[in-house]
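# Residue-level structure breakdown
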Amino acid sequence: MDAQGTSQGPILPPAGVVHGPLGWLRANLFSTPFNSLLTVLCLYLLWITVPPLINWAIIDATVSGTDRTACAGASGACWTFVKMRFGQFIYGLYPIEERWRVNVVFAVGILLVLAALSPRVPGKLWSGGAFVFVFPVLAYVLLGGGLGLPVVETRLWGGLMLTLVVATTATVVSLPLGIILALARSSRMPIVKGTAVVFIEVVRGVPMITVLFMASVMLPLFLPPGMNFDKLMRALIGISLFASAYMAEVIRGGLQAIPRGQIEAAQALGLNYTRTMGLIVLPQALKLVIPGIVNSFISLFKDTTLVAIIGLFDLLGMVQTASTNPEWLGSSVEGYVFAAFVFGCFCLAMSRYSQALERRLETGHRRR
Amino acid sequence: MTPATPSTGPAIQIIGMHKWYGDFHVLKDINLTVEKGERIVVCGPSGSGKSTMIRCINRLEEHQRGQIVVDGIELTSDLKRIDGIRREVGMVFQQFNLFPHLTVLENLCLAPIWVRHMPRPEAEALAMSYLERVRIPEQARKYPGQLSGGQQQRVAIARALCMNPRIMLFDEPTSALDPEMIKEVLDVMVSLAEDGMTMLCVTHEMGFARTVANRVVFMDQGEIVEAAAPEQFFNAPSSERTRQFLSQILH
Ligand SMILES: Nc1ncnc2c1ncn2[C@@H]1O[C@H](COP(=O)(O)OP(=O)(O)OP(=O)(O)O)[C@@H](O)[C@H]1O
Ligand SMILES: [Mg+2]
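Throughout this description, residue numbers start from 1 for each chain and increase along the sequence as written. Ligands are numbered from 1 and chains lettered from A, in the order in which they are written. Reporting of local features is limited, given that this is a predicted model, to residues whose pLDDT is at least 70; pairs of side-chain atoms are given and counted only at 80 or more, and all residues count toward the totals for whole chains, interfaces and linings. Based on all heavy atoms of the structure, the side-chain values leave hydrogens and waters out of the count.

## Side note on the overall build of chain A
- The helix and strand labels rest on DSSP assignments: H or I over at least four residues marks a helix, E over at least two residues marks a strand, and numbering proceeds from the N terminus. Tallying secondary structure elements over chain A gives 15 helices and 0 strands in all.
- Based on the C-alpha atoms only, the size of chain A along its principal axes is roughly 100 × 75 × 40 Å.
- Within chain A, buried positions represent 38% of all 368 residues.
- The contact rule is simple, with two residues in contact once any of their heavy atoms fall within 4.5 Å. Relative to all contacts within chain A whose residues are 6 or more apart in sequence, the contacts with residues 24 or more apart total 66%. Three labels apply to residues, based on accessible area from a 1.4 Å probe with only protein chains included: buried if under 20% of the type maximum, exposed if over 50%, partly exposed otherwise in between.

Set out below in structure tokens:
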């Protein structure tokens, strides 16, 4: 090993960088003994987990057939279950002949979100405004019925569709409401500030499950008898308020990070409070807390599964119900893996988007 | 609100003004009159209340006793009056306080568009003319974070000028700058003075005070100790405290 070294003195590391795959391996995976150890350990962990998983999920899996007997002999996953129940996982108990309405809402929603979020499409104000103000009305009419469409009661709504309805509503409500609460909490007016503090602290101090229970069980007790508004609506209000309280604290963190001089400069130019906040403080504060906002959205998205405890069946609830059906006993793992996969995709998409957004807003104005 | 034509009285009149931070008496019986077109330099040791005094003039700080009259309008807690006065009084800060999320041009256009309701093309033309005046028109599309300190401070001056103010307040505009950038900012201020702008500058640039100021005001411990024309102030100060301060600062 040292044969060359003894005759010509110590071997110096090559000047400059070693190129090619070998150089990359050296630099990234085996740069120190400790890193080498970690690399080997990780490779070992991957080796003992990934092949069996692939065997289970793909190679030994069954997709064919229409019931449990199709999977009888196979050792892998029984995707037949997911295949047969796919409609329910996506649409809940929504009438099959009306599902096109859900599809239209999905399609319009996705188009608007893509248009509002992707940097290359112009007219952000229009697509964003349409998503926040027009789309909810459209979705409400299409999903719920009216204007000539047969009514579909919300107790039939379920699956991924319900998950998205809850998550989108809470997201769209919580951002503006969170901004208002954060501004109120930073206000110098004692009543405004006090109201915001009490609201935020009460809502944050209570578990989401309690908020949902209160919305679905307690609220009707206070309403006059006979007046009974929709269970889903109550859950939406509860979750939106809950999410707003968290959002408010995330945004307040951003507000506090903006130097006082920014506000003073705006005031000295004669800008009033609304414009100082809207044009100077909020744009900077929101940009600072993008990771926190997206973090809230992701955790909100997953929290929507809690609506199951008040008898609404979101994606996870549908999976759970379907797998306790005697026809499909023993298929719960496949169901959960499917649900995890869908949730994972949405959360990953949000997280990637936020990273891209941060990079895009970062251009050039870092130094001060 | 603001009178359409300038009033005939002084630009700024401060009469018997006091200010406290809690129990701390920061400003004690301040009396100062600034005539139209007058250039006043305020100096004094750190903590003497210079910043607090000029920040009271556009109500970034609130005074508790006495009167401040700007261009014939007395400052009260009436928001309309405050906004009216802020439109006529430009301010330049030690830390520049440019808006980092907006380009230089957007920084300049913001107030004309949102406060003066000027159409955007007109506001941009105005902004470019002031950028030329401070000699950095080529930086219009950059963000403040991409400029040097001297350039940033010149943008900040141009931003204040875009509101076409009758009075300019400067709070140590060159203190955060490297020595080689101080001159470019002072040059802009001198040219402003030559155009007859009413200026109230907190600064320790004594060269600037000597050549540009009509009067130099010395503050110590919240009081105006001395106010005199530059020759008298530098050559024959009447108070012992002024002499001490000058000997420290001029060596
Ligand atoms: N927000 C505040 N609360 C309490 N005390 C304050 C506040 N702002 C300033 N002070 C105090 O008021 C005094 C005057 O401050 P000011 O900033 O006006 O001084 P200055 O003359 O501008 O000093 P410098 O040359 O260091 O800028 C100082 O003693 C300072 O500690
Ligand atoms: Mg100061």
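Further notes follow.
## A closer look at the pairing of strand β4 (residues 65–70) of chain B
Residues and elements named next belong to chain B.
- A pair of strands is considered paired only if DSSP assigns at least 2 bridges between the two. Here strand β1 (residues 12–21) runs beside β4; their pairing, made up of 5 bridges, is antiparallel. In the strand pairing of β4, Ile15 is matched with Gln67.
- In this sheet, strand β5 (residues 73–74) lies alongside β4 in antiparallel orientation, the contact comprising 2 bridges. The residue of β5 that forms the bridge with Val69 is Glu74.
- Linking two consecutive strands that pair antiparallel, namely β4 and β5, is a turn of 2 residues; a positive phi of about 55 degrees is found at Asp71 within it.

## Focus: the site of ligand 1
Residues and elements named next belong to chain B.
- Close contacts around ligand 1 come from Tyr21, Phe24, Val26, Pro45, Ser46, Gly47, Ser48, Gly49, Lys50, Ser51, Thr52 and Glu172, and that covers them all.
- When the free accessible area of ligand 1 is taken as 630 Å², the share hidden by the protein chains comes to 58%.
- The greatest single-element share of the shell around ligand 1, amounting to 3 residues, is contributed by helix α1 (residues 50–57).
- Amino acids are sorted into nonpolar (Ala, Val, Leu, Ile, Met, Phe, Trp, Tyr, Cys and Pro), charged (Asp, Glu, Lys and Arg) and polar (every other residue, Gly among them). Looking at the shell around ligand 1 residue by residue, the classes come out as 4 nonpolar, 6 polar and 2 charged. Any residue with at least one heavy atom within 4 Å of a molecule or strand is counted as near it. Values of accessible area rely on a 1.4 Å probe in the Shrake-Rupley scheme; residue burial ignores everything except the protein chains shown.

## Points about the domain arrangement of chain A
All names here are of chain A.
- Per the annotation, domain bounds derive from an automatic or database assignment of domains. We note that the domain assignment places domain 1 (88–152) and domain 2 (159–361) within chain A.
- Taking the mean C-alpha position of each, domain 1 and domain 2 sit 20 Å from one another.
- Between domain 1 and domain 2, the residue contacts involve 14 residues of the former and 14 residues of the latter.
- Surface buried jointly by domain 1 and domain 2 totals about 1200 Å² across both partners, of which 83% is contributed by carbon and sulfur atoms.
- Note on terms: buried area is the combined drop in 1.4 Å-probe accessible area of two parts once they are placed together, counting the loss on both. Of all residues in domain 1, the largest losses of buried area upon contact with domain 2 belong to Phe89, Ile90 and Leu117, amounting jointly to 44% of the total for that side.
- Here a salt bridge means any side-chain nitrogen of Lys or Arg lying within 4 Å of a carboxyl oxygen belonging to Asp or Glu. Put simply, domain 1 and domain 2 have 0 salt bridges between them.
- Pairs of N or O atoms within 3.5 Å make up the polar contacts considered here, provided that, within protein, one atom can donate a hydrogen while the other can accept it, and that residues adjacent in sequence are counted only when both atoms are side-chain atoms. Connecting domain 1 to domain 2 are 4 residue pairs in polar contact (both at pLDDT 80 or more).
- Mapped onto the side of domain 1 that touches domain 2, the elements with two or more residues apiece are α4 (79–91), α5 (99–117) and α6 (124–144).
- Its residues assigned to classes, the side of domain 1 that touches domain 2 shows 12 nonpolar, 2 polar and no charged.

## A look at the side chain of A:Ser174
Residues and elements named next belong to chain A.
- With respect to the helices and strands, Ser174 occurs in helix α7 (residues 159–185).
- Given the relative accessible area of 0%, Ser174 is considered buried.
- Dropping the residues within four chain positions of it, Ser174 is found in contact with Ser240, Ala243, Ser244, Met247 and Phe297.

## Describing the confidence of the model for chain B
- Predictor confidence is given residue by residue as pLDDT, running from a minimum of 0 to a maximum of 100. Of all residues in chain B, 97% have pLDDT values of 70 or greater, and the mean over the chain is 92.
- The complex model carries a pTM of 0.84, and its ipTM stands at 0.93.

## Describing the sheet that holds β1(B)
- Taken in spatial order, the 4 strands make up an open sheet running β2-β1-β4-β5 (chain B), and their pairing is antiparallel. Two strands close off the open sheet at either side, each with one partner strand: β2 (24–34) and β5 of chain B.

## Let's talk about unusual backbone geometry
Residues and elements named next belong to chain B.
- Positive phi is not limited to glycine here, since Asp71 has a value of about 55 degrees.
- Turning to its location among the elements, Asp71 is positioned in the loop between β4 and β5.
- Here the phi dihedral of Gln221 falls at roughly 50 degrees; this positive angle occurs in a residue that is not glycine.
- For Gln221, a relative accessible area of 52% corresponds to the exposed category.

## A word on the confidence of the model for chain A
Residues and elements named next belong to chain A.
- Summary statistics for chain A give a mean pLDDT of 84 and a share of 93% for residues scoring 70 or more.
- The secondary structure element of chain A with the lowest average pLDDT is helix α1 (residues 3–8), at 48, and the one with the highest is helix α11 (residues 260–268), at 95.
- In this model, residues 1–6 is a region of pLDDT below 50 whose contacts with residues beyond four sequence positions or in other chains number 4 contacts.

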